[in-house]
Amino acid sequence: MGTKVLGMRLVTASVILVSVCSVWAQVHRVPQPHNEVKLATSEERKLEPPKDNAQATPVKNDDSTASPHHQKKGEFNQEDGSLATQDSGKTEMHNQQSVKIDSAETIQLATKSDPNSHNVAQGDRKSDDNSEINGASAKNEEELLKAVLDDLAGNVEKYKQERREEKMNIQSSDQESAVEETGEQVPAPIVDQFMTEEQKTALTFYEQGMMLLNKTKATKADKKAAYRLLEQASKLDHSAAQVLTAYAYLYGDYLHLNIDEAKAIFSDLSQKQGCFQSQGALGLMHATGLGLKSNQAKALVYLTFAALGGDAMAQMALGYRYWSGVGVEQSCEAALTYYKKVANKVAADVSISGGVVVQRVRLQDEVENTGQSSGMLDDDLIQYYQFLAEKGDIQAQVGLGQLHYQGGRGVEQDHERALNYFHQAADAGNANAMAFLGKMYSEGGTYVKQNNETAYVYFKKAADLGNPVGQSGLGIMYMYGRGVEQDYHKAFKYFSLAADQGWVDGQLQLGTMYFSGLGVKQDFKMAVKYFNLASQSGHILAFYNLAQMHSTGTGVARACHTSVELYKNVAERGEWSSMLMEAHQQYKEGQTDLALIKYLLLAELGYEVAQSNAAYILDQGAHWLVARTPYRFCSSLHCFARV
């Protein structure tokens with residue numbers, strides 16, 4: 001009996017401690033600094049097979065904003081061309097609900113007993129315990145809480161003061177150096193009054209660093225200064241800064257290469273906070289043997305948890321593993337699930353321009369075929385085109401405008417330069433330049449304020465001259481009612497004119513109209529025909545829409561393998577694809593180790609060209625990255641035998 005009484009007392013004491021800790025956590029909870037809440041739009045852009053006569057609609061090639069009106073399941077959204085397949089609002093609220101239990105109620109529930117399961121003496125003892133707890137006055141409870149909180153706060157403040165004295169001396173020197181390097185004074189962020197001085201300092205470093213990174217046309221000096229600020233925020237335990245800093249250490253970008261430090265930060269964030277980005281990075285490091293002994297079982301565990309958290313790179317890695325049967329049993333359906341999640345995110349970010357072009361250069365081909373072009377434009381050739389453009393050559397102006405508008409072939413995307421070149425050519429009467437100006441004003445951006453009236457003027461001028469880009473632009477305006485009255489028949493007319501001239505946007509939008517039955521009789525076969533034509537020109541949304549149709553069996557026989565290949569193509573056009581060109585440039589500059597790191601990580605995501613290039617570098621012999629690590633990379637012939 002004594003043991004059971006003691007057990008009840010321990011239960012009561014534990015409940016009181018839980019209640020105290022809960023209150024302390026609520027009092028000392030630090031609000032997160034200005035985190036943006038973004039609606040999950042990628043799932044709403046899915047194509048689903050028609051149900052109950054409600055037809056799905058493929059993703060449009062359009063940059064319109066989401067409709068503020070509620071969209072029911074199976075209902076076509078005329079503003080963004082998407083189909084609502086679930087009541088995402090309710091699901092989101094359900095997932096984010098938290099259960100709050102009053103501490104007094106918790107104590108009551110925890111001390112209730114079944115009179116049939118205990119003897120009279122035990123029941124009396126429990127009754128006394130209950131009466132003591134439930135009869136405690138609010139004043140006594142407040143005094144107990146105050147005493148505990150004061151004791152905890154004293155210890156925490158003492159610890160923070162010690163750390164503050166060690167780290168605060170970095171603030172003034174690093175802020176001054178950042179100003180010296182960039183020549184700009186970055187405004188201080190707004191901080192929460194409940195933050196500690198250390199948290200305020202960390203937030204200041206982080207937001208100033210992000211302002212420099214997100215600066216329009218940020219220079220290399222800007223980015224170096226930004227990462228120095230992020231590094232200091234990381235040392236002050238700012239989680240978001242730690243993730244960015246760790247990746248910079250891992251890639252050797254703007255901070256010195258430090259794989260061991262990257263591993264330490266990722267491990268700490270993963271263990272203490274369950275950070276899914278860190279779990280994904282550790283999974284890739286275990287898979288490649290970067291800084292860790294290669295362990296495919298651990299890689300699979302880390303990647304799985306990261307993918308569940310929403311990490312796109314982890315989802316791609318798992319999609320490729322299940323697709324190829326690397327370390328897991330081959331499963332087309334599992335690969336389809338992971339690749340579809342990534343493709344949804346990528347397609348949701350694609351604008352009317354169709355996304356940035358991904359250049360895939362094989363290092364071995366460059367060596368073996370030195371006389372052939374790799375598709376990259378030489379700096380001398382670009383300078384020659386610039387010289388011609390300055391002299392008034394209209395074709396050079398249009399060509400450079402298109403290169404800077406879309407990016408690719410070794411040319412960075414630069415809409416300011418594109419706008420300038422298009423204006424010069426349009427003033428000279430070039431229809432192509434007029435049409436692309438219409439696209440820029442239709443989309444809007446940093447250098448061009450969105451303006452439907454101006455876009456219509458340029459599209460109309462170009463269309464009247466028979467330009468397919470202008471015709472397609474007018475079709476989009478009539479299809480979605482942008483600055484004009486919505487008219488599906490006019491939209492279909494202009495799209496047909498553009499498609500007949502082989503213009504990809506016209507083909508894509510005709511496919512959308514046939515798929516949804518907008519202004520024409522619904523015809524899935526015609527939709528597939530035009531989506532296929534658009535995919536031959538490499539439009540990312542054409543691949544995406546075909547993948548949706550093949551994965552659901554809409555208008556075609558369901559084909560898992562075909563849909564996975566299409567989704568994989570879309571996923572590989574995500575923002576991480578920029579690392580392919582970064583690695584190629586680093587290799588050309590002699591930074592072989594940095595190039596190898598990027599190629600190894602991209603190889604795990606399923607990029608065949610990265611697998612080939614990593615194998616090629618490893619086969620060239622010893623270099624610093626391989627020599628410094630106590631673990632061996634798998635040989636290129638074994639690791640990438642599937643290339």
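In the block above lies the structure referred to throughout.
One structure accompanies this document, and this report is about it. These figures come from a predicted structure and were not determined experimentally.

Scoring rules and cut-offs
Residues numbered from 1 in each chain as written. Predicted model: local features only at pLDDT ≥ 70, side-chain atom pairs only at ≥ 80, totals over all residues. Heavy atoms only, no water. 1 Å grid on protein atoms, 1.4 Å probe; cavity = no way out; pocket = protein on both sides within 12 Å on 5 of 7 lines; lining within 4 Å. Points joined across faces, edges and corners; volume = space filled by probe spheres on them. Helix = DSSP H or I, 4+ residues; strand = E, 2+ residues; numbered from the N terminus. Salt bridge = Lys/Arg side-chain N within 4 Å of Asp/Glu carboxyl O. Buried < 20%, exposed > 50% of the residue type's maximum accessible area, 1.4 Å probe, protein only. Phe/Tyr/Trp six-rings, centres within 6.5 Å; stacked < 30°, edge-to-face > 60°. Lys NZ or Arg CZ within 6 Å of the ring centre and 35° of its normal.

To continue, consider empty space enclosed by the protein. Taken as a whole, this structure holds 2 cavities of 30 Å³ or more when the rule is applied. Roughly 30 Å³ of volume is contained in the second largest cavity. Every residue lining the second largest cavity is listed: Q359, R360, V361, L580, M581, H584, Y599, V609 and N613. Of all the secondary structure elements, the ones that give two or more residues to the lining of the second largest cavity are α27 (578-588) and α29 (608-619).

This paragraph deals with the pattern of salt bridges. Applying the stated criterion across every chain, the model contains 12 salt bridges. Put simply, D253 and K598 hold a salt bridge, and the shortest N to O gap is 3.1 Å. Remark: K598 occurs in helix α28 (residues 592-604) and D253 occurs in the loop between α9 (239-251) and α10 (259-273); sequence separation between them is 345 residues. Here K460 and D464 are joined by a salt bridge, their closest N and O atoms 3.0 Å apart. Residue K460 and its partner D464 are located together in helix α20 (residues 452-464), separated by 4 residues, close to a single helical turn. Since its relative accessible area comes to 29%, K460 is described here as partly exposed. Here the residues in one salt-bridge network are R360, K568, E572 and E608, joined through shared partners.

Quick look at the packing of aromatic side chains now. Taken as a whole and assessed by the stated rule, the structure comprises 14 aromatic pairs. Between F422 and F436, the aromatic rings sit 5.2 Å apart at their centres with planes inclined by 15 degrees, giving stacked as the arrangement. Of this pair, F422 sits in helix α18 (residues 415-427) while F436 sits in helix α19 (residues 431-443); the two residues are 14 residues apart in sequence, bridging distant segments of the chain. The buried category is assigned to F422, whose relative accessible area is 0%. A relative accessible area of 5% means that F436 is categorised as buried. Among the aromatic residues, those joined into a cluster by ring pairs are Y247, Y251 and F266. One residue, K493, lies across the ring of Y494, its end atom 5.2 Å from the ring centre.

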